Each structure stands twice: as structure tokens, then as C-alpha cells.
Amino acid sequence: MERTFVMIKPDGVQRGLAGEIISRFERKGLKIVAMKMLWIGRELAEQHYAEHKEKPFFNALIDYITSGPVVAMVVEGRSAVSVVRTMIGKTNPAEAAPGTVRGDLAMDTGRNVVHASDSLQSAEREISLFFKPDEIFDYAKVD
Ligand code: CMP
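All values derive from a computational prediction rather than experimental measurement.

**Q** Help me understand the sheet that holds strand 2 (residues 31–38), please; the structure alone is not making it clear to me.
**A** The pairing of strands in a sheet comes from backbone hydrogen bonds and takes either a parallel or an antiparallel form. Here 4 strands make up an open sheet; going across it, the order is 2-3-1-4 and the pairing antiparallel. The open sheet has two edge strands with one neighbour each: strand 2 and strand 4 (114–116). Pairs of neighbouring strands in the sheet enclose a mean axial angle of 20 degrees, with direction left out of account. Together, strand 1 (2–8), strand 3 (70–77) and strand 4 form the strand contacts of helix 5 (residues 80–88), whose direction differs from that of strand 1 by roughly 30 degrees. Contacting strand 1, strand 2, strand 3 and strand 4, helix 7 (residues 120–130) runs over the sheet at an angle of about 60 degrees to strand 1.

**Q** Mind showing me how you'd approach the nonpolar core here?
**A** The nonpolar side chains of soluble globular proteins are, as a tendency, buried together. By size, the foremost hydrophobic cluster in this structure holds 23 residues, and its most contacted members are Val6, Ile8, Ile21, Phe25 and Val84. Listing elements by their share of this core, those giving two or more residues are strand 1, helix 2 (18–28), strand 3, helix 5, helix 6 (101–105) and strand 4. Beyond its immediate sequence surroundings of up to four residues, Val84 is in contact with Thr4, Val6, Phe25, Leu30, Val75 and Ala116. Core analysis: the next-biggest nonpolar cluster, separate from the first, contains 21 residues, Ile40, Leu61, Ala72 and Val74 among them.

**Q** What should I look at first to understand the site of the ligand in this one?
**A** Around the ligand lies a shell formed by Lys9, Tyr49, His52, Phe57, Leu61, Thr91, Arg102, Thr109, Asn112 and His115. Within the backbone of Thr109, one N or O atom sits 2.9 Å away from an oxygen atom of the ligand. His115 has a polar side-chain atom sitting 2.9 Å from an oxygen atom of the ligand. Computed on the free molecule, the ligand has an accessible area of 450 Å², of which 75% lies beneath the protein chains in the complex.

**Q** Just to check I follow, could you spell out the packing of helix 2 against helix 5 for this structure?
**A** A pair of packed helices is captured by two measures, namely the crossing angle of their axes and the spacing between those axes. The N-to-C vectors of helix 2 and helix 5 enclose an angle of 130 degrees; their axes lie 12 Å apart at closest approach. For the element pair helix 2 / helix 5, the angle class is oblique. Two packed elements cross with a definite hand, and for helix 2 against helix 5 that hand is right-handed. Facing Arg24, Phe25 and Lys28 of helix 2, the residues of helix 5 in contact are Val83, Val84, Met87 and Ile88.

**Q** Would you take a moment to explain the packing of aromatic side chains for this structure?
**A** Where two aromatic rings form a pair, the distance of their centres and the angle of their planes describe that pair. One pass over the full model with this rule turns up 1 aromatic pair. Directly above the ring of Tyr139 sits Lys31, whose terminal nitrogen or CZ lies 4.8 Å from the centroid.

Cut-offs applied
- Residues numbered from 1 in each chain as written.
- Predicted model: local features only at pLDDT ≥ 70, side-chain atom pairs only at ≥ 80, totals over all residues.
- Heavy atoms only, no water.
- Pairing = 2+ DSSP bridges.
- Helix = DSSP H or I, 4+ residues; strand = E, 2+ residues; numbered from the N terminus.
- Axes fitted to C-alpha atoms, helices over the stretch in contact; angles between N-to-C directions.
- Contact = heavy atoms within 4.5 Å.
- Core = buried A, V, L, I, M, F, W, Y, C linked by side-chain atoms within 4.5 Å.
- Buried < 20%, exposed > 50% of the residue type's maximum accessible area, 1.4 Å probe, protein only.
- Near = heavy atom within 4 Å.
- Polar contact = N/O pair within 3.5 Å; in protein donor to acceptor, adjacent residues only side chain to side chain.
- Areas by Shrake-Rupley, 256 points an atom, 1.4 Å probe, with all protein chains shown as cover.
- Parallel < 35°, antiparallel > 145°, perpendicular 65-115°, else oblique.
- Left-handed = near helix turned anticlockwise from the far one by under 90°.
- Phe/Tyr/Trp six-rings, centres within 6.5 Å; stacked < 30°, edge-to-face > 60°.
- Lys NZ or Arg CZ within 6 Å of the ring centre and 35° of its normal.

What follows is the structure, given as C-alpha cells:
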């Protein structure tokens, strides 16, 4: 069983899309084992996006992700990392397939409504940045 980190970004929250996005993961059969709304500060944002530090869009990305509250989640399931990445679609929503979150709900790379970990290693790092172990729940899910 894998766990991955998912974050509904400020534009997703502001546009009232949190329920729609969460619902897609629930309907798929993935299990939400942790969830919180928070307003990220610059320090956490820079840690989360550390791999993009040298990219030209880094400052704009940090401004954007700290511009309003986000919904952070830990999503669990078989192959959860790749299943969730497939469900959210390509980073550039203009290229994301219809049926994916970004393909259906977004137009701009800079405002692409959702983030999800790209590997098991990133998932472990990102989950530990946002959640303490006792904020992640072990409970029975009924299919
Ligand atoms: P995300 O999956 O959260 O990972 C990095 C984010 O950087 C990405 O989604 C985009 O929101 C943002 N970003 C902004 N500009 C670019 C770009 N040119 N290429 C890739 N990511 C970008």
C-alpha cells in the first residue's frame, strides 16, 4: 500500500473546487488518511518546492502557493503515487487529457489547481513536511 501527498492549491480552493477534487479521489477508491486546510508560509513553500529553486518561475510559484489557503491531504491506495498523478494530468493543463483534474478544471500551468507527489521518495518527504505522524489515521474503509 502506498501513500502520496496531494494539495489543492489556492486557485482550487478559491474557485470552490476542493469538494469536486476530493470527491474524484474518493470515488476512485483511494483512501484519504489525513487532511487539513492551511495557509502556507514562505519557508514551508520554499522547502516543499526546493527542487525548483533555480527555475525561472520559482518566485512566482512561491508567491502563488502562499497567496491563499490550500487543502493538504495524504491519499492511500495501491500504487497511489502513479494513480493520483494519472488522475491529475499533465502539469500544463492545456496538455492535460480530458477526464483528468487539470484537463477538466484548469487552463494555466501557473494555476493548475492541484499538486501531487511525483515519486514515492517525494511523497515521503512532502508528507513529513505537512503532517505529523499522529495526524495520519489508520481506519477501515468500506468499498
Ligand atoms: P506542481 O505539480 O505543483 O509542481 C511545480 C509547479 O510549478 C507546477 O505544478 C506549476 O504550478 C508550477 N510551474 C509554474 N511554471 C512552470 C513551468 N514553466 N514548468 C513547470 N512548472 C511550472
